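# Structural description and commentary
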Amino acid sequence: MPRIIACSNIKGGEGKTTLARHLAHYAEGLHLKTLAIDLDPQGDLSISLQPDVANPAATPSAALFAEDFDPEQANLVQVSPSLFLMPSTDALDEVGDLEERASLVKRARDAIRKMAMGFDVVVIDTPTNAPVCYKSGMAAAHGTVSPLQLDTYGMRGARKFMRASSSVKSNFNPALKHIGFVVNRFNSRSKSHQLLLEELQAAGLQLLPTILRERVAVQDALDRQMPVWSGPRGTVNRLAAKEFRDMCEAVFQAAGITTAAAA
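Right, let's talk about the overall build of the protein for a bit. If you tally the helices and strands in the protein, you get nine helices and seven strands. Since a compact globule built from 263 residues should have a radius of gyration of about 18 Å, the 17 Å found for the protein is in line with a globular shape. Overall size of the protein, expressed as C-alpha extent along the three principal axes, is 55 × 45 × 30 Å. When burial is assessed residue by residue, the protein has 54% of its 263 residues classed as buried. Within the protein, counting contacts between residues at least 6 apart in sequence, those at least 24 apart form 79% of the total. Element-wise, carbon and sulfur atoms account for 49% of the exposed surface of the protein, whose accessible area totals about 12200 Å².

Put into structure tokens, the structure is as follows:
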């Protein structure tokens, strides 16, 4: 059965798109047929996955909210033989501005699940704002994973996200599982980061075992439009590559995706 993973957090700048693109590339490396859906009007996932020239004929993610949407007629961007993209376009801005309505969330949820039937893995990047969009991604998902930076705002955002997740679970997706928070951009030399990590653990928030440290290699990989484990010889930071692979593996295992080590 296909598994749907939503990268979600309702605080901006935590690293949702970075997680989403690495999860999509990890599935691609496992030769799993993978669909990446960009539900963020900002469209960063689309920019990072699309070829240099965007396909104007591609079906945008805004179409998921249309009454007459037909998954079988969707025209997806083929990133590689096993990775496909449903991109964000300007049309999603209009969806994001709509008043939140349960009917829209349910419509998009059902459309995503129908789309998923043609794939092994679906990875959804959700926005910070635009409740119709982020709730739809979570409503469709089997599991959500949330990046988290260690500062006061990140902690507050984590608690707010858990309330939003509980609401989506109650109203749209009783089977929704929160896979956990991924500590992102951790600075092991920072005393405040160490203290906040201990506070998170004491608070009982579900944390994935792998911590993603602050590394220049991650931004370099983004600039190359590649996962952090890929790139020209001498540009790949092995520690960063291992952290991201371990994180992806932990997420997939928790989501019920049977894997072998990625090539």
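Let us keep going from here.
We now examine helix α5 (residues 131-140). Most of α5 is tucked away, with nine of its 10 residues classed as buried. Inspection of α5 places V132, C133, Y134, K135, S136, G137, M138, A139 and A140 among the buried residues, and these make up the whole buried set. On its buried face, α5 sits against β1 (3-7), α3 (91-96), α4 (102-116), β5 (121-125), β6 (143-149) and α6 (152-171).

With the exception of glycine, most residues fall at negative phi, and the peptide bonds are largely trans. With a phi close to 55°, A130 is a non-glycine residue in the positive phi region. With a relative accessible area of 12%, A130 lands in the buried category. Positive phi values are uncommon outside glycine, yet R185 reaches one of about 55°. Inspection of the secondary structure puts R185 in the loop between β7 (177-184) and α7 (191-203).

In total, this model carries four salt bridges according to the counting rule given. The salt bridge involving R109 is made with D110; its shortest N-O contact spans 2.9 Å. Since its relative accessible area comes to 14%, R109 is described here as buried. Judged by its relative accessible area of 33%, D110 is partly exposed.

Thresholds, definitions, all that
Residues numbered from 1 in each chain as written. Predicted model: local features only at pLDDT ≥ 70, side-chain atom pairs only at ≥ 80, totals over all residues. Heavy atoms only, no water. Helix = DSSP H or I, 4+ residues; strand = E, 2+ residues; numbered from the N terminus. Rg over C-alpha atoms; globule rule 2.2 N^0.38 Å. Buried < 20%, exposed > 50% of the residue type's maximum accessible area, 1.4 Å probe, protein only. Contact = heavy atoms within 4.5 Å. Areas by Shrake-Rupley, 256 points an atom, 1.4 Å probe, with all protein chains shown as cover. Salt bridge = Lys/Arg side-chain N within 4 Å of Asp/Glu carboxyl O.

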